[in-house]
Amino acid sequence: MAYDASQDPTKDVRERIYIPELLRGLAVTTRHFLLNLFRDRDKNTSVVDRKSASLVSTVQYPEERVTYPPGYRGLHRLVPREDGKPRCVACYMCATVCPAQCIYIEAGEYDPADPAPDSRVIEKFPTKFVIDELRCIVCGFCVEACPKDAIRMDTNQHTPSEYTRPSFVYDIPKLLKGPPVSHPSDPWFRRSGSEEPPYQPVEAHSRIGEGRSESHPVKSLPAPAAPVVRFSKGG
Amino acid sequence: MGRPLMVCFAIAFIVALIVALMAAAYGVAYLAEGWFEGGARLSNILFLMLLFVMVIATLLTVAERKWSAMIQDRIGPNRARIALPFLRDRALGGLPHLPADVLKMLFKEDFKPAGADRLLFNLAPILAFAPSFALFAVVPAGPTVAINGRQIPMIVASPDFGILFVFAIASLAVYGTSLAGWSSNSKLALLGGVRASSQMISYEVALGLSLVGMMIVFSTVQLPVMTDAQARYLWQAATDFDFGLPAWGIFLQPLGFVLFFAAAFAETKRAPFDVPEGESEIIGYFVEYSGMKFGMFMISEFVEVVVLSGVTAAIFFGGYHLPVGEQWLSRLPLFEEHPWLFGTLLGSVFWIKVVLLCWVQLMIRWTFPRFRYDQIQALGWKRLLPVGLANVFLTGALILWDPSLRALASVGILEIATLLVLTFSRRAPERQSSLAGGTHSSSAHGALPQPAPSAGQR
């Protein structure tokens, strides 16, 4: 025979005749029932902040959405520059650090003879940048590894559902979105028409030993076009 | 409009609907009685059984989902919508789920397992559904009123055997469940059917005994007579507006009420007595049923809830009678002139009582964990049966001693008071002192390690 609950020493006469305890239990459920029936539901999406008498803690999902915490890692995006090109310089750091190996990059090189100013300040750009969202384990290492702040997970979106597996492989047109980001240390701000890049104070993203020479003062540093998101990684 | 207002409006709407339907029931019964002798009974079948019982039972399917959600701090079903311009964005309290469920059941495949007995497999849902439905025939839903010289009863049938009909037909329903279990050619269904029949046997006796007290009190087995006997007062204040303690069964036989409610609850096969169904282990006697056949089992459960509420209201809560002020109301010129209005009022009172009792049953169903199988049998045979017998003897003795029922009512009120005192008194502090813990941990709990009793635990 199983454990005989009737030998429980905590049982007193109320529990022995069962009905008083039954009525107490009914009082609890009735209280919940009446509160939830008659009181308005607080629709605050943060359940812990709800102050209404109604005890319902449901968030009606498609209409109400829980606000994600600031560090939430959503769908990737390739961060664009002011001119709409990706900030990415195809350094392969994210592809190397990715534990799921879901990033595939093919690098292209700027032609040094090209008169376009890009070719004078950065050498490489991605011709292919592909993330397989099904393989991604959303660890965020790529964001941490990126030296150019070119990949972020600040979209606050889940990966949307698709019907086929190939649709989950995101390429540059699908990844390149969101507000453009600029840093004062970005090399394309140093375009001044001169052969050598102008001097910039050392910042987080500048390379070691870069621009140490005092002989090239800043000639004309163009002000970045508004709106510019400054140093708000992960926001 | 705030939610409190909206809920009050919905409740008022339901009450108004009940009043209107009751007035219609009297009106149609009057017309039918004029058409041929006994036509009122036919219209009562339509109104009381098909309209009131069926509609309340079907609404209870949605109510159970919605009310259980409220008990459990959820919202409940609210996603089915009606695609009309002004209704598209309204959940309507989950009501559109009702037609959605019905359509789903109607259009699902009617599956018959291989090796199932075709005749009995098809017969079982009907056998389960029809008896619970027929039970309501002897429950009076309103007073018999005279309109233009025609006597209009608000009951389908008033045979001499009254409650015995309820007992007989209620136990017939188990044929449906046990046949469903047997004919499905499934071991789990068979287990459910066997459990249903054994549970039915152990509670049938207690069910009968619990009402013997009421039969002694009112010296009748007919529900209309019982109901009318509860219209008078045990103690009455000498005022124009009649006011006092009505001779309701709950005051005369609180013990009988508890026994009856528990036994009848077991008969409905709902939690905490849902062992035949056993959602979490065997799915129960209807595990092989699909589509509307399963729907008939489900709806018969809710019909039983409504019928049980009706019988309980008629026997223990004064039926269609108001607790106070009924005689004063009946002397009002409006009601003296139009007796059907008075009947409508009392009939609405009855249905409101029924709905409230349905609510109580659903609250009980969503409050209590289910009993283990041996606990169910022990409760039926070792608790309810002896207590029921004692109740019969006590009632008989008290009636012999004081035929005016006042002694019985005093004992009944004493019982209720004792129960309330036990309920509201604070529990004794947990006995985890060295005395209880020391003697107990070694013997009863066996290998279960007990935490060392600390001084601060008292």
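Residues numbered from 1 in each chain as written. Chains lettered and ligands numbered in written order. Predicted model: local features only at pLDDT ≥ 70, side-chain atom pairs only at ≥ 80, totals over all residues. Heavy atoms only, no water.

## Quick look at the overall build of chain B
Counting its secondary structure elements, chain B contains 16 helices and four strands. What you see for chain B is a C-alpha radius of gyration of 25 Å, in line with the 23 Å of a compact globule of 458 residues. Along the longest, intermediate and shortest principal axes, the C-alpha atoms of chain B span 80 × 60 × 50 Å. Classification of the 458 residues of chain B by burial places 50% in the buried group. Here the contacts in chain B between residues at least 6 apart in sequence split such that 76% fall between residues at least 24 apart. Just so you have it, chain B exposes about 21,300 Å², and 71% of that area is on carbon and sulfur atoms. (Helix = DSSP H or I, 4+ residues; strand = E, 2+ residues; numbered from the N terminus. Rg over C-alpha atoms; globule rule 2.2 N^0.38 Å. Buried < 20%, exposed > 50% of the residue type's maximum accessible area, 1.4 Å probe, protein only. Contact = heavy atoms within 4.5 Å. Areas by Shrake-Rupley, 256 points an atom, 1.4 Å probe, with all protein chains shown as cover.)

## Observations concerning the sheet that holds strand E5 (residues 169–170) of chain A
All names here are of chain A. Taken in spatial order, the three strands line up as E2-E3-E5 in an open sheet, and their pairing is antiparallel. If you trace the sheet from one side to the other, it starts and ends with strand E2 (103–109) and E5, each paired once. Where E2 lies against strand E3 (residues 124–132), seven bridges are found, and the strand directions are antiparallel. Across the sheet, residue isoleucine 103 finds its bridge partner in E3, namely isoleucine 131. (Pairing = 2+ DSSP bridges.)

## A few points about the pattern of salt bridges
Residue and element names in this part refer to chain A. Scanning the entire structure with this criterion turns up 18 salt bridges over all chains. A salt bridge links arginine 41 to glutamate 64; the nearest nitrogen and oxygen atoms lie 2.9 Å apart. In this pair, arginine 41 is assigned in the loop between helix H2 (19–38) and strand E1 (77–78) and glutamate 64 in the loop between H2 and E1, connecting sequence segments 23 residues apart. The same class applies to arginine 41 as to glutamate 64, namely buried. The salt bridge involving aspartate 149 is made with arginine 152; its shortest N-O contact spans 2.8 Å. The pair formed by aspartate 149 and arginine 152 is uniform in burial state, with each residue classed as buried. Bridged by salt links that share partners, the residues Arg77, Asp149, Arg152 and Asp154 form one connected network. (Salt bridge = Lys/Arg side-chain N within 4 Å of Asp/Glu carboxyl O.)

## So, the packing of aromatic side chains
This model, assessed by the stated rule, comprises 29 aromatic pairs over all chains. Ring centres 5.5 Å apart and planes at 55° place the aromatic pair A:Phe33 and B:Trp359 in the tilted group. Of this pair, A:Phe33 sits in helix H2 while B:Trp359 sits in helix H13 (residues 339–367), each in a different chain. On the basis of relative accessible area, A:Phe33 is assigned to the buried category, the value being 4%. (Phe/Tyr/Trp six-rings, centres within 6.5 Å; stacked < 30°, edge-to-face > 60°.)

## Some words on the confidence of the model for chain A
Residues and elements named next belong to chain A. Residues of chain A with pLDDT of at least 70 account for 73%, and the chain-wide mean is 77. Within chain A, the element-level pLDDT minimum falls on helix H4 (residues 118–121), averaging 67, and the maximum on helix H3 (residues 93–97), averaging 94. Long-range and interchain partners of residues 201–235, a stretch whose pLDDT sits below 50, account for 46 contacts in this model, where long-range means more than four residues apart. (pLDDT = per-residue confidence, 0-100.)

## A few points about a negative patch on the surface
Residue and element names in this part refer to chain A. Together, Glu109, Asp111, Asp114 and Glu123 make up a region of like negative charge exposed at the surface. Among the secondary structure elements, aspartate 114 is positioned in the loop between E2 and H4. Under the relative-accessibility criterion, aspartate 114 is labelled partly exposed at 31%. (Patch = residues over 30% accessible without salt bridge, like charges linked within 9 Å, V, L, I, M, F, W, Y side chains within 5 Å. Lys, Arg positive; Asp, Glu negative; His and termini not counted. Charge placed at Lys NZ, Arg CZ, Asp CG, Glu CD.)

## Observations concerning helix H4 (residues 118–134) of chain B
All names here are of chain B. Between its terminal C-alpha atoms H4 stretches 25 Å, which fits the 24 Å expected from 17 residues at 1.5 Å a residue. When the local axis directions of H4 are compared, the greatest deviation, roughly 25°, occurs at alanine 124, which is followed within four positions by the proline proline 125. Those residues of H4 that sit buried are Leu120, Phe121, Ala124, Pro125, Ala128, Phe129, Pro131, Ser132 and Phe133. For H4, the elements touching its buried residues are helix H2 (39–71), helix H5 (163–183) and helix H10 (291–316). N-cap assignment for H4: the residue whose side-chain oxygen lies 3.3 Å from the backbone N of leucine 119 is aspartate 117. (Expected span 1.5 Å × (residues − 1). Bend = angle between axes of the 7 residues up to and from the residue. Polar contact = N/O pair within 3.5 Å; in protein donor to acceptor, adjacent residues only side chain to side chain.)

## Some remarks on the interface of chain B and chain A
On the chain A side, the residues contacting the 36 residues of chain B number 37 residues. A salt bridge links A:Glu63 to B:Arg79, with the nearest nitrogen and oxygen atoms 3.1 Å apart. The interface formed by chain B and chain A holds 12 residue pairs in polar contact (both at pLDDT 80 or more) in total. At the level of secondary structure, the elements contributing two or more residues to the side of chain B that touches chain A comprise helix H1 (3–35), H2, H13 and helix H15 (406–424) of chain B. Classifying every residue of the side of chain B that touches chain A gives 19 nonpolar, seven polar and 10 charged. (Nonpolar A, V, L, I, M, F, W, Y, C, P; charged D, E, K, R; others polar.)

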